[in-house]
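# Structural characterization, general
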Number of protein chains: 2
Amino acid sequence: MTVEQTTTRADRAAPAAARQHTLRERNLQLVARAIFDAPVPLSRADVAGATGLTRATVSTLVDALVAARLVAELPPVAAQRAGRPGVPLAPAGRSVVGLGLEVNVDYLGVRVMDLTGAVVAQSVLEGSFHDSDPSEVLGRLGAIARDVVSGVVADGMVVAGAHLALPGLVDARTGRLEVAPNLGWSSLDPVPLLGLDALGRDPLGTDRPDPGGRPQVTVEVANEAKLAALAELAGDVPPSFLYVSGDVGIGAAIVVDRRLFLGERGWTGEIGHVVVDPAGPRCSCGAYGCLEQYAGKEAVLRAAGLAMDASVAALLDALRLDAVGTDAGADADGPRAAIRRAGRALGSALADFVNLVGVDTVVLGGLFTDLLPWLRDDVVAVLSERVLAAPFAELDVRGAGAGDHAALSGGAREVLREVLAHPAAWV
Amino acid sequence: MTVEQTTTRADRAAPAAARQHTLRERNLQLVARAIFDAPVPLSRADVAGATGLTRATVSTLVDALVAARLVAELPPVAAQRAGRPGVPLAPAGRSVVGLGLEVNVDYLGVRVMDLTGAVVAQSVLEGSFHDSDPSEVLGRLGAIARDVVSGVVADGMVVAGAHLALPGLVDARTGRLEVAPNLGWSSLDPVPLLGLDALGRDPLGTDRPDPGGRPQVTVEVANEAKLAALAELAGDVPPSFLYVSGDVGIGAAIVVDRRLFLGERGWTGEIGHVVVDPAGPRCSCGAYGCLEQYAGKEAVLRAAGLAMDASVAALLDALRLDAVGTDAGADADGPRAAIRRAGRALGSALADFVNLVGVDTVVLGGLFTDLLPWLRDDVVAVLSERVLAAPFAELDVRGAGAGDHAALSGGAREVLREVLAHPAAWV
């Protein structure tokens, strides 16, 4: 509804039903949010207190959310005062679930999360998908997803939707992948290649008519770093932060007030190609001296004298064993010198990011989470030198908290956030 | 109101008045927006058609907007069909006005704009405010503003508020100036220093009691580039763009869907301190190789062999007379070589800006508007090389359209935008 109605007599008759419908939707949102955001389970009376709605209204709406399996009633606890014991309300586990899917350079993954934030199923396949065939790889991911989904559906769960994470430029308006340099993919519409049409129908087979606009089960596509950033929201982060994910490529996301800032088409945070030194090495993108040439996984391994397919654990071992120590200068060889160059380059690109976007907290994910103890001092030193607001802002550089394959969690969470933003579609 | 109300019987009695009040406010907004956004004057019937409201409702609301002097009734035009002629409605001129104030390195300015977008009064004082005394300068600006305001008030206009533009880091939450390096100012609250308390009362002296929450006349403070960017919205720009203002310092703003993106505290767009070359000259900020050292006004004049206080016109003359021509290499001397180095540096910093923020249109303001014919090729060449999405996006580099002292217009416009966003406070 974009046109609001007055309450003059002439206008009143027609829109009354619509107005009531809208109010019910908003109140359902309010009640759902109160229950999902509460640190401890609330009773119906607590929800009334938290929302300002009457107890009668809250009871009706809670009953609807329980019937829709979005909210669960826990066993009653004795009230501290006389009267009926309160029934604690909590997010429903193993009922409505979200699906995270991902293709990355070295794995394919599927993760299913429920409304309590628990991972109820997942499957991750390690591999090398450098310069791979998109139909073959996405078809394989789709097959894994079908297996995982049929398991959770057999257990009585309903899949509300899916988000597919890809390490490249995804058009946020259309879901089209323009280019994923490290996969060697370009110009394709990934969703049909998953072969997941079956997910487009109600996986429970309860195909009821849908007057209320129950959302279809659809697959949305997003950049990997964007979804990984959203996974951080489950933990203890400030409402606004920059998220930078290090791997072979380096991606980033801008989160402001707990929502992604997406610019025009979602092509934000391409920090891997920020200029560190115009006299630097040529990048896979064609330009010179991009951050990826200093702090990307392959650049660090090469500079550290390790094999291109060495693991992060091997890099960490090499760092511990490097005799040069922390005094390694910029021209020294070996793992510690390599990591210090990476740290200074990362600090320089992050300073540009903070100066341009005006957000003071930087969360380092992917490879950088493990490397943080080795990177932090150089990153912080360069940030303090270069961020104009550094004297007035509390620059906060921290490791990511969402664990491995964070984009899978972020994708699944985003599906469930959409469910809770429009609970009326589920009741 | 953060808590929504249901329409159950128990809730209904108390909030009915509040609900009706809110609806009236929203409908006033709708009607005002229809009249102000229309390319040609609308009749009441046109407004009803455009908003979906009844004619009776529209008439009542239009009458209120006319009485509040936000909307003017133009002379009736004969209807094409039989019946009473329609009365065209338009933004009211010379009634409610906004005040733009600015301190910049080489001028102080005051500009008054009315709801039609016309400048109804202004005063600009050229000078040099490098390393100046903030109390003295802001006091002088305040005195100019009082003169200008008493003139417009004597002509029957009402000043709705003011925005003060400063070339530095302004905390968008508090209006405090943290630092303005080129003024030599730091850590101060500029508004009291203006001595404009008299503007805090109704300048018409009609001090009526104010149950409806009529906005107080207040002075808000913002970064100069942010307000200059908003001035572009009066012209033909896409809804999202990056605005970069070149002067001694180089500031920028991010506009998405016709609103400023302000990050956490408004400290966005500090492109003047983005890394162009870590081996470059030391900047006033303490870091090395910042964009300002290549494309700031003083850097360009110095590299062109001109005096530090040379005008832009003198620089343009020198460019036309430079015999080296457009083949000037990076190591050549003279104006053309200087401008080419500036163009490539600006392209590099803009590429970082576009890669990080994901907005494809760049509007070049201040000094860069006049220099655009000399800068454009190098800026576009570097952007095409370095912007990852360049093959899929239409990069658009254009000059600003808002004219001189654009931040004054942007500040005045922003006051009036706020009036139209809450017209109920004026009726």
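Residues numbered from 1 in each chain as written. Chains lettered and ligands numbered in written order. Predicted model: local features only at pLDDT ≥ 70, side-chain atom pairs only at ≥ 80, totals over all residues.

The next point concerns the overall build of chain A. Across its full length, chain A holds 13 helices and 15 strands. The 427 residues of chain A split such that 49% are buried. Taking as baseline every contact in chain A between residues at least 6 positions apart, the subset at least 24 positions apart corresponds to 63%. (Helix = DSSP H or I, 4+ residues; strand = E, 2+ residues; numbered from the N terminus. Buried ≥ 20, exposed ≤ 12 C-beta atoms within 10 Å, placed from the backbone. Contact = placed C-beta atoms within 7 Å.)

Now for the pairing of strand 11 (residues 241-246) of chain A. All names here are of chain A. In terms of burial, strand 11 is largely enclosed, as 6 of its 6 residues are buried. Burial along strand 11 is two-sided: Phe241, Tyr243 and Ser245 facing one way and Leu242, Val244 and Gly246 facing the other are all buried. Pairing of strand 11 with strand 12 (residues 250-256), which is carried by 6 bridges, proceeds in the antiparallel orientation. Residue pairing in the sheet places Phe241 in a bridge with Val255 of strand 12. Where strand 11 meets strand 14 (residues 361-366), 5 bridges bridge the pair, whose relative direction is parallel. Note that in strand 14 the partner of Leu242 across the bridge is Val362. (Pairing = 2+ DSSP bridges.)

This part takes up the interface of chain A and chain B. Listed per partner, the contact involves 56 residues of chain A and 56 residues of chain B. Among the elements of the structure, helix 1 (9-12), helix 2 (16-37), helix 4 (55-67), helix 11 (335-357) and helix 12 (367-386) of chain A are those that each provide at least two residues to the side of chain A that touches chain B. The element contributing the most residues to the side of chain A that touches chain B is helix 11 of chain A, with 6 residues. Residue composition of the side of chain A that touches chain B, grouped by class: 24 nonpolar, 20 polar and 12 charged. (Nonpolar A, V, L, I, M, F, W, Y, C, P; charged D, E, K, R; others polar.)

All names here are of chain A. Within helix 3 (residues 44-51), burial applies to Arg44, Val47, Ala48 and Thr51. One side of helix 3 carries all its buried residues, which in axial view fall inside an arc of 100°. Of the residues one or two after helix 3, Gly52 is the one with positive phi, at around 80°. (Arc of directions from axis to C-beta.)

This part is about the sheet that holds strand 11 of chain A. Residues and elements named next belong to chain A. Ordered by their spatial adjacency, 5 strands build an open sheet running 13-12-11-14-15, and the pairing between neighbours is mixed. With one partner strand each, in any of the chains shown, strand 13 (259-261) and strand 15 (396-399) form the two edges of the open sheet. Between one strand axis and the next, the sheet turns by 30° as a mean value, whatever way the strands run. Two strands pair when backbone bridges link them, and strand 12 and strand 13 are joined in this way by 3 bridges, in the antiparallel orientation. Of the residues in strand 13, the one forming a bridge with Val256 is Arg259. Contacting strand 11, strand 12, strand 13 and strand 14, helix 7 (residues 224-231) crosses the sheet at an angle of about 50° to strand 12. (Axes fitted to C-alpha atoms, helices over the stretch in contact; angles between N-to-C directions.)

Residue and element names in this part refer to chain A. We note that the domain assignment places domain 1 (9-91), domain 2 (96-230 + 407-426) and domain 3 (236-401) within chain A. Take the side of domain 1 that touches domain 2: its biggest share by element is 7 residues, from helix 2. For the side of domain 1 that touches domain 2, the class distribution of residues is 7 nonpolar, 1 polar and 4 charged. (Domains from an automatic or database assignment.)

Given 3.6 residues per turn, any residue in an α-helix points the same way as the ones three and four places further on. Helix length check: helix 11 of chain A, at 23 residues, gives a terminal C-alpha distance of 32 Å against a target of 33 Å (1.5 Å per residue), a fit within 8%. After helix 11 of chain A finishes, the residue Gly358 of chain A shows a positive phi value of roughly 70°. (Expected span 1.5 Å × (residues − 1).)

The next point concerns the relation of the copies chain A and chain B. Laying chain A over chain B is done by rotating through 180° and shifting 0.0 Å along the axis; what remains is an RMSD of 0.1 Å. The superposition of one copy onto the other is thereby described by a two-fold rotation axis. Minimal C-alpha separation from the rotation axis in chain A is found for Asp277 of chain A, amounting to 2.8 Å. Taken as a fraction of all interface residues of chain A, those also at the interface in chain B reach 98%, which identifies the copy contact as same-surface. (Least-squares fit on C-alpha atoms with pLDDT ≥ 70 in both.)

As a further point, take the nonpolar core. Counting residues in each nonpolar core, the largest one holds 266 residues, and the members touching the most others are Val31, Tyr243 and Leu291 of chain A together with Val31, Tyr243 and Leu291 of chain B. If near-sequence neighbours (up to four positions away) are discounted, Val31 of chain A is found in contact with Val47, Thr51, Val58, Leu61, Val62 and Leu65 of chain A. (Core = buried A, V, L, I, M, F, W, Y, C linked by C-beta atoms within 7 Å.)

Pairing geometry for strand 14 of chain A and strand 15 of chain A, over 4 bridges, is parallel. Bridged to Leu364 of chain A within strand 15 of chain A is Gly399 of chain A.

Moving on to the confidence of the model for chain A. Residue and element names in this part refer to chain A. With 86% of its residues at a pLDDT of 70 or more, chain A has an overall mean of 89. Here residues 1-15 is a poorly scored stretch, pLDDT under 50, and it has 27 contacts once near neighbours within four places are set aside; other chains count. For residues 200-216, every residue scores under 50 in pLDDT, and the model assigns this stretch 19 contacts once sequence neighbours within four places are set aside. Prediction confidence for the complex, expressed as pTM and ipTM, is 0.89 and 0.89 respectively. (pLDDT = per-residue confidence, 0-100.)

On to the sheet that holds strand 8 (residues 177-180) of chain B. Here we have 3 strands laid out as an open sheet, ordered 7-8-9 (chain B), and antiparallel in their pairing. Bordering the open sheet on either side are strand 7 (169-170) and strand 9 (185-188) of chain B, each of which pairs with just one other strand.

All names here are of chain A. Contact geometry for helix 10 (residues 312-321) and helix 11: axes closest at 8 Å, N-to-C directions at 110°. Taken together, helix 10 and helix 11 sit at an angle that is classed as roughly perpendicular. Seen from helix 10, the contacting residues are Leu315, Ala318 and Leu319; seen from helix 11, they are Pro335, Arg336 and Ile339. Within the contact of helix 10 with helix 11, the residues separate by chemical class into 5 nonpolar, no polar and 1 charged. (Parallel < 35°, antiparallel > 145°, perpendicular 65-115°, else oblique.)

We now examine the packing of helix 11 of chain A against helix 12 of chain A. Residue and element names in this part refer to chain A. Here helix 11 crosses helix 12 at 45°, and the two axes come no closer than 7 Å. One way to sum up the angle between helix 11 and helix 12 is to call them oblique. Remark: the crossing between helix 11 and helix 12 carries right-handed chirality. Listed contacts from helix 12 to Ile339, Arg340, Ala342, Gly343, Arg344, Leu346, Gly347, Ser348, Leu350, Ala351 and Val354 of helix 11 are Leu371, Trp374, Leu375, Asp378, Val379, Ala381, Val382, Leu383 and Arg386. Classifying every residue of the contact of helix 11 with helix 12 gives 13 nonpolar, 3 polar and 4 charged. (Left-handed = near helix turned anticlockwise from the far one by under 90°.)

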